Amino acid sequence: MPNGPEDELEQALLQVQNLIESTVAIHRDRSLQEQQITVVDGGYREVLALAEEFITGARRTIDIVHARMPGSEEEPDRGEQTERQLIYRAAESVSARLLTSPALVDEDFVHEQLALERPVAIRIARVPPLQALMVDGTVALVVAESAVGRRASVIRAPELMHTLRTLFENVWRNAVPAGERIVFGNRDRGALARQILGALWAGVTDEVAARDLAVSVRTYRRHVAEIMALLGANSRFQAGVRAAELGLLPPAAPPGGASSRRP
């Protein structure tokens with residue numbers, strides 16, 4: 001039984017995969033299901049061409065899930081740049097939302113949107129590997145794994161569209177707005193802040209963390225207070241939890257290691 005929005009989204013992805021596999025199995029039959037779920041023949045260029053067609057044809061809404069699968073054959077930088085530019089081809093009256101994973105946040109794109117009168121709303125959540133574009137709540141272009149490998153499909157099946165829309169809304173409500181991502185300053189200050197967040201998350205004592213970071217305890221505590229203010233956290237534990245949600249924790253072990261945790 002799903003425990004939360006992210007688990008529910010994963011269940012929806014499984015439904016997508018099962019329907020894609022069914023479509024492949026009946027590919028030669030001109031059935032109603034095949035008309036509602038159509039496999040996209042070709043590679044990445046064909047997917048982008050369809051995405052452009054749907055985006056330029058949108059009348060009300062565009063909802064995007066951007067959580068690229070690992071090991072993509074396409075050039076990631078070039079692909080993301082192309083996808084980003086496609087969004088600008090939507091009509092001005094169309095409302096666009098982008099849901100992405102912490103590892104795939106495009107900071108340049110976030111900054112671009114901040115300067116626009118009608119920006120793309122961007123939120124961050126831990127979502128399963130998936131690329132999806134939903135237009136006007138009636139059609140979706142989905143790239144997902146299936147038993148026959150990675151497949152792109154156009155989905156118009158009303159019951160599946162309803163499921164995808166509902167679960168997107170659930171995850172969106174609990175996701176973190178990209179504008180709330182923390183900017184610590186330059187690269188050095190950002191690295192220091194992430195080390196401190198790692199120490200807070202692990203419960204390392206101030207004395208040990210300060211020594212490992214080669215700063216005084218007083219300076220360390222001042223940094224902690226500044227970081228908590230940026231995160232809007234009322235406690236050190238809350239700061240660590242929020243940092244984890246935002247994907248701000250360092251990949252390496254925090255200063256002091258497990259032996260320095262508070263009892």
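The rules we used
Residues numbered from 1 in each chain as written. Predicted model: local features only at pLDDT ≥ 70, side-chain atom pairs only at ≥ 80, totals over all residues. Heavy atoms only, no water. Helix = DSSP H or I, 4+ residues; strand = E, 2+ residues; numbered from the N terminus. Buried < 20%, exposed > 50% of the residue type's maximum accessible area, 1.4 Å probe, protein only. Contact = heavy atoms within 4.5 Å. Areas by Shrake-Rupley, 256 points an atom, 1.4 Å probe, with all protein chains shown as cover. Core = buried A, V, L, I, M, F, W, Y, C linked by side-chain atoms within 4.5 Å. Phe/Tyr/Trp six-rings, centres within 6.5 Å; stacked < 30°, edge-to-face > 60°. Lys NZ or Arg CZ within 6 Å of the ring centre and 35° of its normal. Pairing = 2+ DSSP bridges. Expected span 1.5 Å × (residues − 1). Arc of directions from axis to C-beta.

Even after reading the chapter, I still don't get the overall build of the protein, so can you show me in this structure?
Along the protein, the regular secondary structure elements total 10 helices and eight strands. When the 263 residues of the protein are sorted by exposure, 46% land in the buried category. Contacts in the protein between residues at least 24 apart in sequence constitute 72% of all its contacts with a sequence separation of at least 6. For the protein, the accessible surface area stands at approximately 14300 Å², while carbon and sulfur atoms represent 51% of it.

How should the nonpolar core be read in this particular structure?
Most often, soluble globular proteins keep nonpolar side chains buried together rather than apart. Residues F54, I62, L133 and L141 are the most contacted members of the largest nonpolar core, which totals 31 residues. Element by element, the count of residues in this core is highest for helix α3 (residues 44-57), at seven residues. For L133, the contacting residues outside a window of four places in its chain are A51, F54, I55, I62, D63, I64, V139, A140 and L141. I37, A67, M134 and L160 belong to the second largest nonpolar core, which has 21 residues in total.

Would you mind showing me how to read the packing of aromatic side chains here?
Each aromatic ring pair is specified by the distance between its two centres and by the angle formed by the two planes. This structure, assessed with the given rule, holds two aromatic pairs. Plain terms: the ring middles of F168 and W172 are 5.8 Å apart, the flat faces sit at 15° to each other, and that makes the pair stacked. Here F168 and its partner W172 are both found in helix α6 (residues 158-174), four residues apart, which amounts to about one turn of the helix. Its relative accessible area of 2% is what places F168 among the buried residues. The cationic tip of R97 hangs over the ring face of W172; the distance from NZ or CZ to the ring centre is 5.2 Å.

Would you take a moment to explain the pairing of strand β3 (residues 95-100) for this structure?
Remember that side chains alternate between the two faces of the sheet whenever the strand is regular. The buried fraction of β3 amounts to five of the six residues, a majority that puts the element mostly inside the structure. By the bridge criterion, six bridges tie strand β2 (residues 61-67) to β3 in an arrangement that is parallel. Across the sheet, the residue bridging to D63 is R97, located in β3. Where β3 and strand β4 (residues 121-124) come together, four bridges link them in parallel fashion. Opposite R97, over in β4, you have A121 as the bridge partner.

Just to check I follow, could you spell out helix α9 (residues 217-231) for this structure?
An α-helix turns once every 3.6 residues. As a result, residues three or four positions apart point the same way. Over its 15 residues, α9 extends 21 Å from the first C-alpha to the last, a length consistent with the 21 Å expected when each residue adds 1.5 Å. The complete set of buried residues in α9 reads Y220, H223, V224, I227, M228 and L231. Taken around the axis of α9, the buried residues stretch over an arc of 135°, which confines them to a single face. In this structure, α9 carries R218 and A229 as exposed residues pointing more than 90 degrees from its buried face.

Coordinates in, geometry out; function isn't part of it.
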